Amino acid sequence: MPTPRIDINLSKIVHNAKGLSSLFRSKGIDIIAVTKGVCADPHIANILVKSGIKILADSRISNIRKMRLAGVKATFLLIRTPMISQTESVVLDTDMSLNSELSVIKKLSEFAILHSKIHKIIVMVELGDLREGILPSQLENTIEKILSLRGVELTGIGTNLACFSGVKPTAEKMDILSAIANSIEKKFNIKLSIISGGNSANYNWFNTTKDIGRINNLRLGESIFLGYEPLTGRPIPKLYQDAFMLTAEVIELKNKSSVPDGEIGLDAFGNKPKFKDQGMIRRAILAIGVQDVMVAGLTPKLDIEILGAGGDHIIINAKKAELNVGDEVSFTLKYGALVTAMNSSYIFKNIKTPISARDYCAVLEEKDRLHKKKAAMMTIKDDLSPLMSLQDSDFNLIFEKSIQKNYRYLVRKEIYEKIGRISKLLDNQGKKLIIRSVWRSFEHQQKLWVQKASFMKKKHPKKTTEEINELVSRFIAPKKQSTHSTGGAVDALIYDLRKKCVLDFGTNDGLKIDLNEKCYPKHPGISEEARKNRKLLMKLFENEDFVCDHKEYWHFDYGNIGWAVEKNKKYAHYGIIEESYVQSTVLQYPDKTPFYL
Ligand SMILES: *Cc1c(COP(=O)(O)O)cnc(C)c1O
């Protein structure tokens, strides 16, 4: 994937948009989504509309035109007071606009009449932030004149606080706007349908006010995209702060001094730089700079420190982070960084589209079919490494009871060691690894097959044997095709010692797993909790060079043909181990009682 890039997670944006919509809707406030922070990217605009938002707003006509041309179906609001030179285009390309100058509204009226259109107007009121808005004392006078114009329709009033002077949209400010709405309606005997109280900065007012008064609309950008409340910079509960992530590449990594050597003049931007003496440090240079993004708005995911930036470079103190030249470093973004990064033609926009459950399953099943074909052709050069019983180890493990009598939980030596390291990592988190099944003989595999087939037969009495076999084979391999016969496959789950239960993986009730499509590891239909727990399990094994099965989140392969195909290896180094071989080689019985669940 190219760098620098910005990863855009559409599902997280949808989550935030829906969360905020339903929150504000609970007291009768509709939200308009403001797209200027993401350069009106049509993919993002479309998913905002899909999330139920009816009106999209932008400060620039070119952005609104872009969304229109891309076929985005919404009502479009221009939120920056129109330039008088653009009024014809405002009438042609937008449905409504925020306004604060009568001369501009008169021009809008003229062009609306010319093009036989009705352009909707929301009049902005100045309530102290000193950006756009008509002073309350002059409002009635202006509105009287607007009402006499043809081609324009007074749809509502609004205000914008916080952005320029940081003035808080308090209950007092909102009450003033409500009172103004009431008095205008009364004086002119009209109904204002939109009373737009502000932007993302209205979040705290909304949460604390007992009475929202006449406010029935807010225009939100930052809080939808970044999940922050802008006045305090605090995350909004239950929203994502990482729907956008910026990633750049390390191009130099060296131990150098933390202070420069030589006489200090002005830097590339005419500032006199200051340095903190931290002795020798690991300095990394990233291939991204202020020409691409507002660096002050970046927060690194790793424990590293941004020391400064030039046009094309960000210099970081890598501290203890394990970095190499060529590695990627990721950041979350504040609003200023988001706006600039989205605007930079040097930054690749990587849009992660949500995939439907049906498409996901179809893609995965196709992948799995191909995988099986490749696995059948894979060469095996067995390294003849021995099997060892996990029950003989002193790792902190829980064993799931097996249908096979005297089951010994055997794995290859290398896997034995990997499981040891994984179990240690879990010890530190108050969790334990559950070993469900590892090496299986043909007889054992056959037992599983027969058991599942008879269960399915009972569940679907009308199905033919062939249909039952087809169903069973989706999750249980025929006896000679299971990678479990190599000693290189591990079925595992995780037990939470604090909550005293098996973690929720989305299709399990404790150890009982319901075999269905939701067992596919990244199925989009599972809960956030299950997704998190699967990620934890998969990461533990993947960091030990295992691969997760395509269809079973609990099954991991290493060294065998399944692994070799996924990892593009020339050959697998674990082949099938048969029962007779095991009997002659395996080790004594355990001298302690293993812990079963
Ligand atoms: C930018 C803007 C908004 C959106 O502000 P956020 O802080 O991103 O929610 C709303 N109204 C107007 C007039 C704006 O210019």
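Before reading on, note that the structure itself is shown above.
As the structure is a computational prediction, the values presented were derived from the model and not from experiment. (Residues numbered from 1 in each chain as written. Predicted model: local features only at pLDDT ≥ 70, side-chain atom pairs only at ≥ 80, totals over all residues. Heavy atoms only, no water.)

**Topic: the overall build of the protein**
For step 1, the next point in the chain: Within the protein one finds 17 helices and 30 strands.
For step 2, the next point in the chain: Whereas a compact globule of 597 residues would reach a radius of gyration of roughly 25 Å, the protein reaches 31 Å, over 25% beyond that.
For step 3, the next point in the chain: Overall, the protein is about 100 × 80 × 45 Å in size when its C-alpha atoms are taken along their principal axes.
For step 4, the next point in the chain: Among the 597 residues that make up the protein, the fraction classed as buried is 49%.
For step 5, the next point in the chain: Counted over contacts in the protein with a minimum sequence separation of 6, partners at least 24 positions apart contribute 68%.
For step 6, the next point in the chain: When the 89 basic and 69 acidic side-chain charges of the protein are each reduced to a single mean position, those positions are 3 Å apart. (Helix = DSSP H or I, 4+ residues; strand = E, 2+ residues; numbered from the N terminus. Rg over C-alpha atoms; globule rule 2.2 N^0.38 Å. Buried < 20%, exposed > 50% of the residue type's maximum accessible area, 1.4 Å probe, protein only. Contact = heavy atoms within 4.5 Å. Lys, Arg positive; Asp, Glu negative; His and termini not counted. Charge placed at Lys NZ, Arg CZ, Asp CG, Glu CD.)

**Let's talk about empty space enclosed by the protein**
For step 1, the next point in the chain: Here the structure, examined in full by the defined rule, presents one cavity of 30 Å³ or more.
For step 2, the next point in the chain: Approximately 50 Å³ is the volume attributed to the largest cavity.
For step 3, the next point in the chain: The wall of the largest cavity is formed by Ser59, Arg60, Ile61, Leu78, Arg80, Thr81, Pro82, Met83 and Gln86.
For step 4, the next point in the chain: Here the lining of the largest cavity is composed, by residue class, of four nonpolar, three polar and two charged. (1 Å grid on protein atoms, 1.4 Å probe; cavity = no way out; pocket = protein on both sides within 12 Å on 5 of 7 lines; lining within 4 Å. Points joined across faces, edges and corners; volume = space filled by probe spheres on them. Nonpolar A, V, L, I, M, F, W, Y, C, P; charged D, E, K, R; others polar.)

**Brief notes about the site of the ligand**
For step 1, the next point in the chain: Taken together, 14 residues lie around the ligand, and Lys36, Ser200, Arg219, Gly221 and Glu222 are the ones closest in.
For step 2, the next point in the chain: Here a nitrogen atom of the ligand sits 2.8 Å away from a polar atom, N or O, in the side chain of Arg219.
For step 3, the next point in the chain: Starting from 390 Å² of accessible surface for the ligand in isolation, the protein chains cover 94%.
For step 4, the next point in the chain: Class assignment for the residues of the shell around the ligand results in five nonpolar, four polar and five charged. (Near = heavy atom within 4 Å. Polar contact = N/O pair within 3.5 Å; in protein donor to acceptor, adjacent residues only side chain to side chain. Areas by Shrake-Rupley, 256 points an atom, 1.4 Å probe, with all protein chains shown as cover.)

**A closer look at the nonpolar core**
For step 1, the next point in the chain: Membership of the largest hydrophobic core comes to 95 residues, with the highest contact counts inside it found for Ile13, Ile224 and Phe244.
For step 2, the next point in the chain: Among all residues touching Ile13, those that are not within four sequence positions of it are Ile8, Ile44, Ile47, Leu48, Ile224, Phe225, Ala243 and Phe244.
For step 3, the next point in the chain: In this structure, Cys361, Ile415, Val502 and Phe556 belong to the second largest nonpolar core, which totals 50 residues. (Core = buried A, V, L, I, M, F, W, Y, C linked by side-chain atoms within 4.5 Å.)

**Some details on the packing of helix α1 (residues 10–25) against helix α2 (residues 42–50)**
Each pair of packed helices can be described by the angle between their axes along with the distance between the axes.
For step 1, the next point in the chain: Relative orientation of the contacting elements α1 and α2 amounts to 40°, with a least axis distance of 9 Å. Put simply, α1 runs oblique to α2. Of the two elements, α1 crosses α2, and the hand of that crossing is right-handed. Contacts between α1 and α2 pair Leu10, Ile13, Val14 and Ala17 from the former with His43, Ile44, Ile47 and Leu48 from the latter.
For step 2, the next point in the chain: Partitioned by chemical class, the residues of the contact of α1 with α2 number seven nonpolar, one polar and no charged. (Axes fitted to C-alpha atoms, helices over the stretch in contact; angles between N-to-C directions. Parallel < 35°, antiparallel > 145°, perpendicular 65-115°, else oblique. Left-handed = near helix turned anticlockwise from the far one by under 90°.)

**Some details on the packing of helix α6 (residues 136–147) against helix α7 (residues 171–188)**
For step 1, the next point in the chain: Their axes nearest at 11 Å, the elements α6 and α7 cross at an angle of 40°. Classed by the angle they form, the pair α6 and α7 counts as oblique. In this structure, α6 crosses over α7, and the sense of that crossing is right-handed. Counted together, Pro136, Leu139, Glu140, Ile143, Glu144 and Leu147 of α6 and Ile180, Ser183, Ile184, Lys187 and Phe188 of α7 form the full contact between these two elements.
For step 2, the next point in the chain: Looking at side-chain class alone, the contact of α6 with α7 contains seven nonpolar, one polar and three charged residues.

**Examining the layout of surface pockets**
For step 1, the next point in the chain: Each pocket or cavity is described by its volume, and for the second largest pocket that value is around 1,500 Å³.
For step 2, the next point in the chain: Together, 31 residues line the second largest pocket, and Asn9, Lys12, Lys352, Arg531 and Lys535 are the ones closest to its centre.
For step 3, the next point in the chain: Contributions of two or more residues to the lining of the second largest pocket are made by β1 (5–9), α1, β12 (244–257), β17 (328–333) and α15 (528–542).
For step 4, the next point in the chain: Residue contributions to the lining of the second largest pocket peak at 10 residues, all from α15.
For step 5, the next point in the chain: Grouping the amino acids of the lining of the second largest pocket by side-chain chemistry returns 11 nonpolar, five polar and 15 charged.

**Thoughts on the environment of Thr340**
For step 1, the next point in the chain: Counting through the fold element by element, Thr340 comes out in helix α10 (residues 335–343).
For step 2, the next point in the chain: Between the C-alpha atoms of Thr340 and Val290, which are 50 residues apart in sequence, the distance is 9.2 Å.
For step 3, the next point in the chain: What Thr340 contacts, discounting residues up to four positions off in sequence, is Asp292, Val293 and Met294.
For step 4, the next point in the chain: At 2.8 Å, the side chain of Thr340 and the backbone oxygen of Gly336 are in polar contact.

**What about the pattern of salt bridges?**
For step 1, the next point in the chain: Per the stated rule, a full pass over the model turns up 29 salt bridges.
For step 2, the next point in the chain: Between Lys418 and Glu544 there is a salt bridge, with the nearest N and O atoms lying 3.8 Å from each other. Of this pair, Lys418 sits in helix α12 (residues 413–427) while Glu544 sits in the loop between α15 and β28 (547–548), and the two are 126 residues apart along the sequence.
For step 3, the next point in the chain: Taking the relative accessible area as the measure of exposure, Lys418 reaches 7% and is therefore buried.
For step 4, the next point in the chain: Residue class for Glu544 comes out buried when judged on its relative accessible area of 13%. (Salt bridge = Lys/Arg side-chain N within 4 Å of Asp/Glu carboxyl O.)

**Some words on a positive patch on the surface**
For step 1, the next point in the chain: A cluster of like positive charges, contributed by Lys301, Lys352, Lys367, Lys522, Lys535 and Lys539, occupies part of the molecular surface.
For step 2, the next point in the chain: Tracing the sequence through the fold places Lys352 in strand β18 (residues 348–352).
For step 3, the next point in the chain: In this structure Lys352 comes out as partly exposed when scored by relative accessible area, which is 43%. (Patch = residues over 30% accessible without salt bridge, like charges linked within 9 Å, V, L, I, M, F, W, Y side chains within 5 Å.)

**Things to note about the state of the cysteines**
For step 1, the next point in the chain: Evaluation of the coordinates by the stated rule reveals zero disulfides.
For step 2, the next point in the chain: Free cysteine Cys163: the closest other cysteine sulfur is in Cys39, separated by 17 Å.
For step 3, the next point in the chain: Take Cys361: it sits in no disulfide, and the sulfur closest to it among the cysteines is that of Cys519, at 11 Å. (Disulfide = S-S within 2.5 Å.)

**Some thoughts on the side chain of Glu229**
For step 1, the next point in the chain: Assignment of secondary structure puts Glu229 in strand β10 (residues 228–229).
For step 2, the next point in the chain: Buried and unpaired, Glu229 has Arg234 as its nearest opposite-charge partner, separated by 6.0 Å.
For step 3, the next point in the chain: Within the structure, Glu229 has its side chain in polar contact with the side chain of Thr232 (distance 2.6 Å).
For step 4, the next point in the chain: Non-local contacts of Glu229, meaning those with residues more than four positions away in its chain, are made with Ser200, Ala201, Tyr203, Asn204, Arg234 and Ile236.

**Notes on the packing of aromatic side chains**
For step 1, the next point in the chain: According to the stated counting rule, one finds 14 aromatic pairs in the structure shown.
For step 2, the next point in the chain: Ring centres 6.5 Å apart and planes at 40° place the aromatic pair Phe475 and Tyr520 in the tilted group. Of this pair, Phe475 sits in the loop between α14 (465–473) and β24 (489–496) while Tyr520 sits in the loop between β27 (512–513) and α15, and the two are 45 residues apart along the sequence. Comparing Phe475 with Tyr520, the two get one shared label, buried.
For step 3, the next point in the chain: Ring centres of Tyr553 and Trp554 lie 4.9 Å apart, and the angle between their planes is 90°; this geometry places the pair in the edge-to-face category.
For step 4, the next point in the chain: By relative accessible area, which is 0% here, Tyr553 ends up buried.
For step 5, the next point in the chain: Through pairs of rings, three or more aromatic residues link up here, namely Phe541, Phe546, Phe556, Tyr558, Trp563 and Tyr574. (Phe/Tyr/Trp six-rings, centres within 6.5 Å; stacked < 30°, edge-to-face > 60°.)

It is worth stressing that arrangement in space is one thing and function is another; only the former is reported here.
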